[in-house]
Amino acid sequence: MKILTFVLIGLALTARSQSASVEKSVFGIQTGFLGIWAHNEARVTNQLVFRSEIGVNAGIAGAAVFLQPVITAEPRWYYNLTKRVNESKRTSGNSGNFFSIRTSYHHDVHRAADDSDFAFNSSFKSRSISIVPSWGIRRYLGNHFNYEAGVGIGYYHAPGGYDDLDLNFHLRVGYKF
């Protein structure tokens, strides 16, 4: 009887350690200080997802508020899922730490407030692309609400030869459907 008990406990622990995997698909919305985004994460492997995102970044230039549509494609590697499972921590909704390569296409800027003094670097107003390697975390509060933080530094390019460093620092709260 003792042998059967040890075998069952061993099988349960083995099954538990094998369940460290990202979810097949996660769809949700997130908002931060300057924007709102809808996203989907689709599983590629047990630790890798492909995140697609569409949203609107907002900003302030002088007294004017501007809006900039953005489309993002981002592979994410959730590297600590097995450790979280072994420590009995939550991994549902892809809750964990991740590395990513955030690639974003920013469309033309649109003014959201009328201000005759609206002026800033003209290359920023045009379409642009950025590629930013990043590190971040996502955690859940309950079954649907989450928060996410990330940081990274990468490359920004706009037409006309405007190249610069792009900083990714985000703090978002969201809802998973």
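Above this text is the structure in question.
Quick caveat: nothing in here was measured; it's all calculated off a predicted structure.

**Digging into the nonpolar core**
- Judged by nonpolar contacts, Ala20, Val22, Val49, Tyr78, Leu81, Val85 and Phe98 together constitute the single largest core of seven residues.
- When residues no more than four places from it in sequence are discounted, the contact partners of Ala20 are Asn46, Leu81, Thr82 and Val85.

**Structural notes on the packing of aromatic side chains**
- One pass over the structure, following the stated rule, counts eight aromatic pairs.
- Plain terms: the ring middles of Phe145 and Tyr175 are 5.1 Å apart, the flat faces sit at 70° to each other, and that makes the pair edge-to-face. Of this pair, Phe145 sits in strand S8 (residues 145-158) while Tyr175 sits in strand S9 (residues 162-176), placing them 30 residues apart in sequence.
- The exposure class of Tyr175 is partly exposed, given its relative accessible area of 28%.
- A cation over an aromatic ring shows up here: Lys176 above the ring of Tyr140, its NZ or CZ 5.5 Å from the ring centre.

**With respect to unusual backbone geometry**
- Of note, the phi angle at Ser88 is positive, near 55°, even though the residue is not glycine.
- Note that Ser88 resides in the loop between helix H2 (81-86) and strand S5 (96-106).
- Residue Ser88 is classed as exposed on the basis of its relative accessible area, which comes to 57%.
- The backbone phi angle of Asn94 is positive, close to 60°, even though this residue is not glycine.

**So, the layout of surface pockets**
- Within this model, the largest pocket holds a volume of roughly 690 Å³.
- Along the walls of the largest pocket sit 27 residues, with Leu34, Asn57, His106, Leu167 and Phe169 positioned nearest its centre.
- Those elements that place two or more of their residues in the lining of the largest pocket are strand S3 (48-61), strand S4 (64-78), S5, strand S7 (128-141) and S9.
- At seven residues, S9 tops the list of elements feeding residues into the lining of the largest pocket.
- For the lining of the largest pocket, the residue count by class is 12 nonpolar, 11 polar and four charged.

**Brief notes about a nonpolar patch on the surface**
- A cluster of nonpolar side chains, Ile36, Val56, Ile60, Val65 and Leu67, forms an exposed patch at the surface whose accessible area comes to about 400 Å².
- Of all the elements in the fold, those that place two or more residues in the nonpolar patch are S3 and S4.
- Tracing the backbone shows Val65 in strand S4.
- For Val65, a relative accessible area of 32% puts it in the partly exposed group.

**Topic: the pairing of S4**
- Bridging between S3 and S4 involves 14 bridges; their strand directions are antiparallel. Residue pairing across strands places Phe50 opposite Pro75, the latter belonging to S4.
- Hairpin connection of S3 to S4: two residues between the antiparallel strands, including Gly62 at a positive phi of 70°.
- As judged from the seven bridges shared by S4 and S5, these two strands associate in the antiparallel manner. Residue pairing for S5: Trp77 is matched across the bridge by Phe99.

Criteria and thresholds
- Residues numbered from 1 in each chain as written.
- Predicted model: local features only at pLDDT ≥ 70, side-chain atom pairs only at ≥ 80, totals over all residues.
- Heavy atoms only, no water.
- Core = buried A, V, L, I, M, F, W, Y, C linked by side-chain atoms within 4.5 Å.
- Buried < 20%, exposed > 50% of the residue type's maximum accessible area, 1.4 Å probe, protein only.
- Contact = heavy atoms within 4.5 Å.
- Phe/Tyr/Trp six-rings, centres within 6.5 Å; stacked < 30°, edge-to-face > 60°.
- Helix = DSSP H or I, 4+ residues; strand = E, 2+ residues; numbered from the N terminus.
- Lys NZ or Arg CZ within 6 Å of the ring centre and 35° of its normal.
- 1 Å grid on protein atoms, 1.4 Å probe; cavity = no way out; pocket = protein on both sides within 12 Å on 5 of 7 lines; lining within 4 Å.
- Points joined across faces, edges and corners; volume = space filled by probe spheres on them.
- Nonpolar A, V, L, I, M, F, W, Y, C, P; charged D, E, K, R; others polar.
- Patch = residues over 30% accessible without salt bridge, like charges linked within 9 Å, V, L, I, M, F, W, Y side chains within 5 Å.
- Areas by Shrake-Rupley, 256 points an atom, 1.4 Å probe, with all protein chains shown as cover.
- Salt bridge = Lys/Arg side-chain N within 4 Å of Asp/Glu carboxyl O.
- Pairing = 2+ DSSP bridges.

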